[in-house]
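# Topology and contacts: notes
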Amino acid sequence: MSIASKGLTAWLTTEEPSSARHAALQNVWRVWTRFASNPLGVAGLAIILLLVFIAVFVPWLAPYSPFDQNLRETLVAPNAQHLLGTDELGRDILSRILWGSRITLSIVAIVSVIVAPIGLIVGCLAGYYGGWLDTILMRVTELFLSFPSLILALAFVAALGPNLNNAIIAIALTQWPPIARLARAESLSLRNRDHISAVRLMGASSLHIVIAHIAPLCIPSVIVRITLNMAGIILTAAGLGFLGLGAQPPSPEWGAMVSTGRRFMLDSWWVGTMPGLSILFVSLAFNLVGDALRDALDPRQE
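Summarised in this report is the structure supplied together with it. (Residues numbered from 1 in each chain as written. Predicted model: local features only at pLDDT ≥ 70, side-chain atom pairs only at ≥ 80, totals over all residues. Heavy atoms only, no water.)

## Some remarks on the overall build of the protein
- Of regular secondary structure, the protein possesses eleven helices and zero strands.
- Tracing the protein from N to C terminus, the helices and strands come up as α-α-α-α-α-α-α-α-α-α-α.
- Taken over the C-alpha atoms alone, the protein extends approximately 85 × 40 × 30 Å along its principal axes.
- Within the protein, the fraction of its 302 residues that count as buried is 41%.
- Taking as baseline every contact in the protein between residues at least 6 positions apart, the subset at least 24 positions apart corresponds to 72%. (Helix = DSSP H or I, 4+ residues; strand = E, 2+ residues; numbered from the N terminus. Buried < 20%, exposed > 50% of the residue type's maximum accessible area, 1.4 Å probe, protein only. Contact = heavy atoms within 4.5 Å.)

Given below as structure tokens:
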């Protein structure tokens, strides 16, 4: 090993693991402190945590089964027995909304797990390698971006068949391109940094540099983008459910519930309004958290 390589190795390994962990914890604490200083972000996080709590413990929280019908209590207005009223089949709307939180969170979680790695890998490869690979990957990305996400999701679901699993696949296919564009921009700014050049001089392969050094630095931006996209995922899933292309009856999916309730808006407004408000508040919560997280991770706040 040459003197330059020995010096470079020593420079890259001077920091002790304990001090690195301490620095990482301090950085996490600074991010949390900046996030906590945003009251709207904290409010959004509280709503999301409440939604997660409801989804986990809904069998014990829901007062009724979401599927049990009682035709003697159809379209009952909100009262002490049914806090949010009943629908056209006498099912308790509150119970259906609570159970529907599981479907909503499942869609958001599965789509995020699918699109984040795909968008991150595609963007990092395109940004680091450049050339013909960048051209091909970005042309495919722009092809997906040229269509509105809901229209593209409708086309995919129509081709695959209307059910919840196909709706999740369709939503995932429309949500990765913005993440790929973001990761590509980050990679373009990172590939010529000093520490990347140092790793390259040590003989690391391009693929290793992308996976071990470029992609981790893009993760904070991707997390912010995913958080902001979650509201769009919820609205797209609700739109598919509203059109009958998502979760199928009698599943208590919020979009499908709004679709059913639109027939009773004049006389029984609560049937469609209550699940619509659930979509509104949860989407707003994810947007607020995304905005606060973006500000908290902004290096200019240092």
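## Re the side chain of Ser259
- Position of Ser259 among the secondary structure elements: in helix H10 (residues 254-261).
- Within polar-contact distance, the side chain of Ser259 engages the backbone oxygen of Phe242 at 3.0 Å. (Polar contact = N/O pair within 3.5 Å; in protein donor to acceptor, adjacent residues only side chain to side chain.)

## Remarks on the nonpolar core
- Membership of the largest hydrophobic core comes to 62 residues, with the highest contact counts inside it found for Ile107, Val111, Cys124, Ile214 and Phe286.
- Broken down by element, the residue count for this core peaks at 15 residues, all from helix H9 (residues 206-242).
- Counting residues in hydrophobic clusters, the runner-up holds five residues, among them Val58, Ala62, Leu94 and Leu98. (Core = buried A, V, L, I, M, F, W, Y, C linked by side-chain atoms within 4.5 Å.)

## As for the environment of His208
- Along the chain, the position of His208 falls in helix H9.
- For the pair His208 and Ala170, spaced 38 residues apart in the sequence, the C-alpha separation amounts to 31 Å.

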